[in-house]
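This is what each chain is made of:
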Amino acid sequence: MSDFPTFFLRFLPDLLHGAGITILITAEGLVAGFILGLLTALARTYGDKFWRGLAVGYIEIFRGTPLLVQLFLIYYGLPGLGITLSRELSAFLALGLNSGAYQAEYLRGSLLAIGEGQMMAGRAIGLSRWKTVWHVILPQALRLAIPAWSNEPVSLLKSTAVVFLIAVPELMARAKSIAAKTYDPIASYLAVAIIYLAMVYLLDLVLRWMENNTRIPGFDMEGKKA
Amino acid sequence: MPETILEARNLTKVYGQNTIFKNINLKVKEGEAIVIIGPSGTGKSTLLRCMNLLTRADGGQILLDGEDITAKGYNEDKVRQHIGMVFQNFLLFNHLTALDNVMIGLTKVKKMPREQAIKKAMEELRRVGLLDRADHYPGQLSGGQQQRVAIARALAMDPRVMLFDEPTSALDPELIGEVLGVMEKLARDRMTMLVVTHEMGFAREVADRIVFMEKGSIVEEGSPDDLFYHPKNDRTREFLWKITELYGKKEKDKGGAA
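Residues numbered from 1 in each chain as written. Chains lettered and ligands numbered in written order. Predicted model: local features only at pLDDT ≥ 70, side-chain atom pairs only at ≥ 80, totals over all residues. Heavy atoms only, no water.

Asks: Can you explain the overall build of chain A? Please cite residues and give values.
Replies: Along chain A, the regular secondary structure elements total eight helices and zero strands. When the helices and strands of chain A are listed from N to C terminus, the series reads α-α-α-α-α-α-α-α. With the principal axes as the frame, chain A shows a C-alpha extent of 70 × 50 × 20 Å. Out of the 226 residues belonging to chain A, those deemed buried represent 44%. Sequence-distant contacts in chain A: of pairs separated by 6 or more residues, those separated by 24 or more amount to 77%. For chain A, the accessible area works out to roughly 11,400 Å², and carbon and sulfur atoms hold 69% of it. Measuring between centres, the 19 positive side-chain charges of chain A sit 7 Å from its 15 negative side-chain charges. (Helix = DSSP H or I, 4+ residues; strand = E, 2+ residues; numbered from the N terminus. Buried < 20%, exposed > 50% of the residue type's maximum accessible area, 1.4 Å probe, protein only. Contact = heavy atoms within 4.5 Å. Areas by Shrake-Rupley, 256 points an atom, 1.4 Å probe, with all protein chains shown as cover. Lys, Arg positive; Asp, Glu negative; His and termini not counted. Charge placed at Lys NZ, Arg CZ, Asp CG, Glu CD.)

Asks: Provide a residue-level description of the pairing of strand β10 (residues 217-222) of chain B, including the pertinent values.
Replies: Residues and elements named next belong to chain B. Taken together, the five bridges between strand β9 (residues 209-214) and β10 define a ladder with antiparallel strand orientation. Note that in β10 the partner of V211 across the bridge is E221. Where β9 folds back onto β10 in an antiparallel hairpin, the turn is made up of two residues, including K215, whose phi is positive at roughly 45 degrees. (Pairing = 2+ DSSP bridges.)

Asks: Account for helix α1 (residues 44-51) of chain B, with residues named and values stated.
Replies: All names here are of chain B. The buried count for α1 comes to six of eight residues, which makes it a mostly enclosed element. Within α1, burial applies to K44, T46, L47, L48, C50 and M51. L53 occupies a position one or two residues after α1 and carries a positive phi of about 65 degrees.

Asks: Before we move on, could you go through the packing of aromatic side chains and cite the residues and values that matter?
Replies: Residue and element names in this part refer to chain A. Scanning all chains against the criterion turns up 10 aromatic pairs over all chains. Arranged with centres 6.5 Å apart and planes meeting at 20 degrees, the rings of F4 and F7 form a pair that is stacked. Within this pair, F4 and its partner F7 are both found in helix α1 (residues 4-46), separated by three residues, close to a single helical turn. With respect to burial, F4 and F7 carry one shared label: buried. Summarising the aromatic geometry, the rings of F72 and Y76 are spaced 5.2 Å apart at their centres and angled 85 degrees between planes, so their arrangement reads as edge-to-face. Placement of the pair is F72 and Y76 together in helix α3 (residues 67-77), with a separation of four residues, close to one helical turn. Taken together, the ring pairs in this structure connect F4, F7, F8 and F11 into an aromatic cluster. (Phe/Tyr/Trp six-rings, centres within 6.5 Å; stacked < 30°, edge-to-face > 60°.)

Asks: Any details on empty space enclosed by the protein? Residues and values, ideally.
Replies: Residue and element names in this part refer to chain B. What the rule picks out here adds up to one cavity of 30 Å³ or more. When its volume is computed, the largest cavity comes out at roughly 30 Å³. Lining the largest cavity we find R127, V128, L155, V182, K185, L186 and D189. When residues of the lining of the largest cavity are assigned to their parent elements, the largest contribution, three residues, is made by helix α6 (residues 173-188). Across the lining of the largest cavity, the residue classes break down as four nonpolar, no polar and three charged. (1 Å grid on protein atoms, 1.4 Å probe; cavity = no way out; pocket = protein on both sides within 12 Å on 5 of 7 lines; lining within 4 Å. Points joined across faces, edges and corners; volume = space filled by probe spheres on them. Nonpolar A, V, L, I, M, F, W, Y, C, P; charged D, E, K, R; others polar.)

Asks: Go over the interface of chain A and chain B, please, and point to the residues and values.
Replies: At the interface, 23 residues of chain A touch 28 residues of chain B. A combined buried area of about 2,300 Å² lies between chain A and chain B, and 63% of that area is made up of carbon and sulfur atoms. Linking chain A with chain B are two salt bridges, by the criterion used here. Joining chain A to chain B, the criterion identifies six residue pairs in polar contact (both at pLDDT 80 or more). Broken down by secondary-structure element, the contributors of at least two residues to the side of chain A that touches chain B are α4 (87-124) and α5 (129-149) of chain A. It is α4 of chain A that contributes the most residues to the side of chain A that touches chain B, seven residues altogether. Of the residues assigned to the side of chain A that touches chain B, the class counts are 11 nonpolar, eight polar and four charged. (Buried area = accessible area lost by both parts, 1.4 Å probe. Salt bridge = Lys/Arg side-chain N within 4 Å of Asp/Glu carboxyl O. Polar contact = N/O pair within 3.5 Å; in protein donor to acceptor, adjacent residues only side chain to side chain.)

Asks: How would you summarise the side chain of T197 of chain B if you had to cite specific residues and measurements?
Replies: Residues and elements named next belong to chain B. Summarising the element assignment, T197 is placed in the loop between β8 (193-196) and α7 (200-206). A distance of 2.9 Å separates a polar side-chain atom of T197 from the backbone nitrogen of E199. Beyond its immediate stretch of four places on either side in the chain, T197 contacts V35, I36, I37, T168 and F202.

Read these as layout, nothing more, since geometry by itself doesn't imply function.
So, in structure tokens, the structure goes:
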């Protein structure tokens, strides 16, 4: 272990390259998941029976099965139906769809927390239902969602590690190949753990900054004044 | 003869097995302030919400300026622009400043240019005495101030009629006066108003007509003098006696009629 710092520095460029890909697929999955999650949450909260059913079905399926199974079904299963996707696209789809289901639930919780009153007040001045959602409910619900939603980027970042199983050259895949090359799995995986930890730490800083900078003066979840 | 602005014809509302109210007939004439009183749970608030279509009535019609707004396919968003509503629990938009709360209807519903909307919104805030609180968020305002902003928000749309749903019931006693003051001023300016309240002082001083509602129907209506001093119905007398007993002391503390 005494030469771990040397080991770490020697493979750092390679690992950072993998970390870059990890960050990229995390960001892609997060953005796709957010858009999908938001639409799903809106459909489930304000949609008619059809859209509600669709939203519930999607959420149940993707929260109820392991990410790895979803990834394999997309990468190895879809070709059986004549749809062959690249590794990167498969990883993106699996992560986006999976994250979307979780984000939908976080966002739905805060949509419900805003309550019927705000909707009624919006309708009362002549705003349509969807305009009220857009101008009144979402700006509040998104802020309210941040603390709970903050779990998702961190969780997704770590979940991306499974995509090394379809040989996407991200951080975990690099560690695996370094471990095989050097016969030193302890040092390899320790190095990777440190880099994941550092990324999560930085991510937390960003999320906290977001939470603080979107605060509404005099208004928060607990002290929600009538 | 002033024209009728808002009218309920045989209005009926049913929730499951419960009839909330039945065959309500009510006319609100231009410049008139009508106060609806009555025990809790008699459908007063539901009646107000039916009047601007926030709740759908199960029977009867509502006419705004003679037009049947309950007719199928009628644009209800359009209707609500013309009927202002003030809620018991204010329901200001929490993420917007007082000014933006008053402005949002102007810019997003009426599509008024921003500069013009600001001017109009400031004018309304001045009307309720809150010009100096324009940049405050609802969470930074007292209950009384929030309710006055809510009144300004409704007034900004230049409604034909204003509905007030127990506007002071959620307020601390010392804050009730400022809200009633604003409402009194509106009534003096001949704003057409339909008010549900338990503030008997306000009803007696400001109302042109008082409507006593109980168990889903209108029991009696008339001028404040008629209702307070010569009620025809035993139930009206009983209710007024009970409520003056309850509120009388408070009014005395405020120095005579509130």
